[in-house]
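Chain and residue survey
Okay, here's what each chain looks like letter by letter:
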Amino acid sequence: MKKLILTAAFGLLTAIGIVQPAQAKETQVGSLKIEHGFAIETRPGQPNGAAFVDVANRGKQADRLLSVSFDKAVAERGELHTMKHEGGKMIMREVPKFEIQAGGKLALKPGADHLMMIGIKEPLKAGQTIKATLKFENAGTVVVDLKVKAMSDVHKHGHDDHHHNGQHHDGHHGKPAKH
Ligand SMILES: [Cu+2]
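All figures in this text were calculated on a predicted structure; none of them were measured in a lab. All residue numbers refer to position in the chain's written sequence, counted from 1. Thresholds applied to this predicted model are a pLDDT of at least 70 for local features of residues and 80 or more for the giving and counting of side-chain atom pairs; totals over whole chains, interfaces and linings are not thresholded and use all residues.

**Things to note about the overall build of the chain**
When helices and strands are counted, the chain shows three helices and eleven strands. For the purposes of this entry, the term helix denotes a DSSP run of H or I that reaches at least four residues, the term strand denotes a run of E that reaches at least two, and both are numbered from the N terminus. Counting helices and strands in the order they occur from the N terminus, the chain gives α-β-β-β-β-β-β-β-β-β-β-β-α-α. Put simply, a residue is buried when 20 or more other C-beta atoms lie within 10 Å of its own C-beta and exposed when 12 or fewer do; between those, it is partly exposed, and each C-beta is set from the backbone. By the burial criterion, 27% of the 179 residues in the chain qualify as buried. Sequence separation of 24 or more characterises 69% of the internal contacts of the chain that already satisfy a separation of 6 or more. Note on contacts: residues are paired as contacts if their backbone-placed C-beta atoms lie within 7 Å.

Shown next, in the form of structure tokens:
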């Protein structure tokens, strides 16, 4: 009981912005559990960035992620992106939604489906925590924390990110990538 009260108090303080949790925490909305939210640090002048979350659906009904948005001080807007092989290249495409099957999980990751931050205001720095607003068809709207990770922390997890980041800058988002 005591723990419950403390948790509730902490949640309230977090909601009004007094407590900054050190770790991006998991968030529950309806039958969805959202966790492991992160974004990748950006270089000065880099216009766009990528962010990721895991969404587990413990319900009996499928749900859909319809949109993502960010604090205006962080990024102008957000898009849902997927990666597709086209003519031997990986191309990013905006999609209208991501499906989360009943009992299933949506796992966004570098080189695959991701959240795109368009029009970044200040470079994202590793260690920072930013907020993203996710809008689901059934579960509604929820704000989640995204921990900003260093590029080097993300790259060691797989070779696919390389293509991903290359495409971010060679593709419709502008500048060439430097590695
Ligand atoms: Cu993208």
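**Some remarks on the nonpolar core**
In these notes, a nonpolar core means any group of buried Ala, Val, Leu, Ile, Met, Phe, Trp, Tyr and Cys residues linked to one another through C-beta atoms within 7 Å. Counting residues in hydrophobic clusters, the biggest one holds 31 residues, and the most contacted among them are Ala39, Ala51, Leu115, Ile130, Ala132 and Leu146. Those elements that place two or more of their residues in this core are β2 (32-40), β3 (48-57), β4 (63-70), β5 (75-86), β7 (98-100), β9 (114-120), β10 (129-136) and β11 (140-149). Apart from the residues lying within four places of it in its own chain, the contact partners of Ala51 are Phe38, Ala39, His114, Leu115, Met117, Ala132 and Leu146.

**Regarding the confidence of the model for the chain**
A score between 0 and 100, pLDDT records how confident the predictor is in each residue. Here the chain averages 83 in pLDDT, while 73% of its residues score no lower than 70. Below a pLDDT of 50 lies the segment residues 16-22, which in the model reaches seven contacts outside its immediate sequence neighbourhood of four places, other chains included. Predicted confidence for residues 158-179 stays below pLDDT 50, and this span has 34 contacts to residues more than four positions away or in other chains.

**A word on the pairing of β4**
Strands are treated as partners if at least two bridges between them are detected by DSSP. For β4 and β7, the ladder comprises three bridges, and the chain directions are antiparallel. Across the sheet, Asp63 pairs through a bridge with Ile100, a residue of β7.

**Comments concerning the environment of Arg64**
Positionally, Arg64 belongs in strand β4. On the basis of neighbour count, Arg64 is assigned to the partly exposed category, with 15 C-beta atoms found within 10 Å. Along the chain, Arg64 and Ala139 lie 75 residues apart, while their C-alpha atoms are 8.7 Å from each other. When residues no more than four places from it in sequence are discounted, the contact partners of Arg64 are Lys97, Phe98, Glu99, Ile100, Phe136 and Glu137.

**Examining the environment of Val148**
Mapped onto the elements of the fold, Val148 is located in strand β11. Each C-alpha atom of the pair Val148 and Glu41 lies 5.8 Å from the other, and the pair is 107 residues apart in sequence.

**A word on unusual backbone geometry**
Of note in the backbone geometry, His36 takes a positive phi value of approximately 55 degrees without being a glycine. Secondary-structure assignment places His36 in strand β2.

**Here we look at the pairing of β2**
For strand β1 (residues 27-29) and β2, the ladder comprises three bridges, and the chain directions are antiparallel. Bridging from a neighbouring strand, Thr27 pairs with Ile34 of β2. The antiparallel pairing of β1 with β2 creates a hairpin that spans two residues between the two strands, and Gly30 there sits at a positive phi of about 55 degrees. For β2 and β3, the ladder comprises six bridges, and the chain directions are antiparallel. Of the residues in β3, the one forming a bridge with Ile34 is Val55. Note: β2 against β11, three bridges, orientation parallel. Bridged to Ile40 within β11 is Lys149.

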